[in-house]
Amino acid sequence: MENEKATPKDNTLLDGAICSEANAKECERGDGNFPREPISEGYVHENHSDPKVLSTGGDSNCEQQKESSPKEELERVKLDEEIEIDKKEINVGDCEDLPAPVEKTAQGQTLLSENKLQQRMIGPHSQLPKPEAPPGLQKSPSNSQEFGNFERSQSLSENFAVDMPAIGKFIRERSNSFSMAIAKRLSSLNEERKSTVTEFNLTGLKVVVQSRREEENVDLSLKGRISFFSRSNCRDCAAVRSFFREKGLRFVEINIDVYPPREKELVERTGSSSVPQIFFNEKLFGGLVALNSLRNSGLFEQRLKEMLGRKCPDDAPAPPVYGFDDPEEDPTDVMVSIVRVARQRLPIQDRLMRMKIVRNCFSGSELVELVLQQFDCGRKKAVEIGKELTRKHFIHHVFGEKDFEDGNNFYRFLEHETFIAKCFNFRGLTNDSEPKPVAVVAQRLTKIMSAMLESYASEDRRHVDYLGISNSEEFRRYINLSQDLQRVNIFELSIDEKLAFFLNLYNAMVIHAVIRVGCPEGVIDRRSFFTDFQYIVGGHPYSLSAIQNGILRNNQRPPYSLIKPFSSADKRLQLALPKVNPLIHFGICNGKRSSPTVRFFSPQGIEAELRYATREFLQGDGMKVDLEKRTVYLTRIIKWFNADFGQDKDIFKWIMNYLDSTKAGLLTHLLSDGGPVNIVYQNYDWSVNS
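Starting afresh in each chain, residues are numbered from 1 along the sequence in its written order. Only residues with pLDDT of 70 or above have their local features reported here, since the model is predicted, and side-chain atom pairs are shown and tallied only from 80 upward, although totals for entire chains, interfaces and linings are computed over all residues. With hydrogens and water excluded, all non-hydrogen atoms of the structure serve as input to the side-chain values.

A. Representation of the overall build of the chain. Looking only at helices and strands, the chain features 24 helices and 15 strands. Each residue gets one of three labels from its accessible area relative to the maximum for its type: buried under 20%, exposed over 50%, partly exposed in between, using a 1.4 Å probe on protein chains only. Here the chain holds 690 residues, and the buried ones make up 38% of them. Here the open area of atoms and residues is found with the Shrake-Rupley method and a 1.4 Å probe, where only the protein chains shown may cover a residue. Taken as a whole, the chain presents about 41300 Å² of accessible surface, with 51% of it coming from carbon and sulfur. Numbered from the N terminus, helices here are DSSP runs of H or I no shorter than four residues, and strands are runs of E no shorter than two.

The following block contains the structure:
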């Protein structure tokens, strides 16, 4: 029966594709169920030398093939040889990806050996590392089981539980090891750079980065407090301050110019008012001479630890406290009683004058009638009282044209002026205390501002810590003291005193403006910065532009403007300096990086101090000479105010007096050879000098 079922020898081989087609046809003829044939494991061993017809277990659906021609037989033999070669080159590890082999019958026929199709998982390459499962989970199958029969995953039973604490422990161990590796690397980098100092040289700024432990190696073991008494603009005090900063020591500075009542304490502790006086806890150490001698002996650290190894006692000099003013008895102005009655009784209202609505005003006759009724005096005496109120800046004419007169002229109180909202040294009401001499107020303001710079500015004064100043006790006291400027008499100042007063006022107002309104960014903001930020001084408003161009420059037009600061009827015009001094441009600082350094001047040495400021600025970045290009680079300040410096040739002659020998020699060489000299004005850096 087997011979009857066998196919003739001249028929060609039928591959698995033909059998699949036959099964598909059988599926179409039947009930639609595909017959699953058994597949045996192992590779198919094909005999290409004696091709026979394969049957799928005696399936009659496989059709017989016709006998091939000799040419086709030759091509088939070549193809079989290539297949045989490919099979010989297969590695053991690569066999995992091949389909399951089939068994061969004794008669050379290929049968499907199993009734169920087995699924197999493709695993990773044998040379790749195997992943490890976290503890608490089921382990992955071994190598012998991994590539064998694979069972489908089943739904977890209700009793199955995962060891979640074990998973959390595994994650924590991995994260801790990773964090330890990062920390170890960072610590190794810190050890490499532990004793190094890095310097960054930027434009106009030198930054030194140093280890904090090195800066405070002495301060870490100290429990006491270092205090020293000082004054503003004192060279010895500046030397002591710099020494403590270099050592990285924390100290408390008590400036008796900022805190005048502490001078009495200084005299009681030391027997004199000379400064500096250094205290280690409650013990007096001495001044700068004692500090230098101890530093030169090399025993400073040892002595410091001995004296400051214990906690500071209560009888040591107390540090200044923020927010408490010194008790001072300012006498009340004798006219205050009249002013208070007038504020309550006068009919203050809006009126029409010269086709304009004048707000919050009263007439002169109304004030005279009120004085006659309340103080029982004659009309002439009432008019004199009105003039005294005008002279002391309690009231002003609405247009600022006339002194007080009895009649239908309109006046208003100082707190009702239209400009009062822009004045940052005015707080609600006029200062009713008796006006102090303007020289005394100016000196006190200068000392406080100098103390601020010594504590919150760089050594060269080119960079200012505006945030530190805004939070300082010195700035709070300066704001309170600036209210004394409201009704001072500026006309009693001499020319030098007036020059120093307005230079210092300009620099102080710039610091105040940067803190309160910020640094201007655009052209419009800059104009507002210099014109809208104002102080009321002597009963009149003064902006930064009014001080620079109206007072210091004798009422000259500002750059790129057609209007002078003061009109011919403005009383402030009487305070303008009679002659323009070009040195003033190097004594005022507008808070920008390209401006001169911020400083404050004394009336006694104002001319010498201005010369020094000009020389320092021009010897720095304010002027440069390039011989190859025959070009002189000048600060743009000279271009903006060229009317104050003169023509180009006059500018070179004027600058020559304030240059060092190197720049003066280069400029002289350019001017003496008769060739053309080019002038280029430097770009102005408008960023804030913080």
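Now that the structure has been shown, we can carry on.
B. Region of interest: helix α14 (residues 438–456). By definition here, a helix of n residues has an expected span of 1.5 Å times n minus one. The end-to-end C-alpha distance of α14 is 27 Å, a good match for the 27 Å that 19 residues give at a rise of 1.5 Å each. We call two residues in contact when some of their heavy atoms are within 4.5 Å. Its buried side turned inward, α14 meets α7 (235–247), β4 (251–255), α15 (466–470), α16 (473–482) and α17 (495–517).

C. Structural detail: the pairing of strand β8 (residues 356–363). Two strands qualify as a pair provided that DSSP identifies no fewer than 2 bridges between them. The pairing of strand β7 (residues 349–353) with β8 spans 4 bridges and is classified as antiparallel. Its bridge partner being in β8, Q349 is matched across the sheet by C361. Between β7 and β8, which follow one another and run antiparallel, lie 2 residues, and R354 among them has a positive phi close to 55°. For β8 and strand β10 (residues 410–413), the ladder comprises 2 bridges, and the chain directions are antiparallel. Opposite F362, over in β10, you have Y411 as the bridge partner.

D. Structural context of the sheet that holds strand β9 (residues 395–397). Pairing is antiparallel in the open sheet, where 4 strands are placed in the order β7-β8-β10-β9. Whereas interior strands pair on both sides, the edge strands pair on one side only; in this sheet they are β7 and β9. Strand-to-strand twist in this sheet, taken as the mean axis angle between neighbours without regard to direction, amounts to 55°. Helix α12 (residues 364–375) rests against β7, β8, β9 and β10 of the sheet, and its axis sits at about 15° to β8. The axes used here are C-alpha line fits, helices contributing only the stretch in contact, and every angle between their N-to-C directions lies in the interval 0 to 180 degrees.

E. The arrangement of the side chain of E473 in detail. Checked against the element boundaries, E473 lands in helix α16. Given the relative accessible area of 6%, E473 is considered buried. For E473, the side chain forms a polar contact with the side chain of R476, separated by 2.8 Å. Those residues within four positions of E473 in sequence are excluded, and the remaining contacts are Y259, V321, Y322, G323 and F324. In protein, a polar contact requires one atom able to donate a hydrogen and another able to accept it; more generally it is a pair of N or O atoms within 3.5 Å, and residues adjacent in sequence count only if both atoms are side-chain atoms.

F. Broad picture of the pattern of salt bridges. When a carboxyl oxygen of Asp or Glu is within 4 Å of a side-chain nitrogen of Lys or Arg, the pair counts as a salt bridge. Following the criterion strictly, the structure yields 29 salt bridges and no others. Among the salt bridges present, the one from E263 reaches R231, with a minimum N-O distance of 3.1 Å. Of the two residues, E263 is situated in helix α8 (residues 262–270) and R231 in the loop between β3 (226–230) and α7; the sequence distance between them amounts to 32 residues. As a salt-bridge pair, E265 and R269 come within 3.1 Å of each other at their nearest N and O atoms. Of this pair, E265 and R269 both sit in helix α8, 4 residues apart, which is roughly one turn of the helix. Since its relative accessible area comes to 18%, E265 is described here as buried.

G. Inspection of the sheet that holds β4 at higher detail. Taken in spatial order, the 4 strands make up an open sheet running β4-β3-β5-β6, and their pairing is mixed. Because the sheet does not close on itself, it has two edges, and the strands there are β4 and β6 (283–286). The average angle at which neighbouring strand axes cross in this sheet is 25°, direction not considered. Both β3 and strand β5 (residues 277–280) contribute to a ladder of 4 bridges, which runs antiparallel. Bridge assignment links F228 to a residue of β5, and that residue is I278.

So yeah, pure geometry; function would need other evidence.
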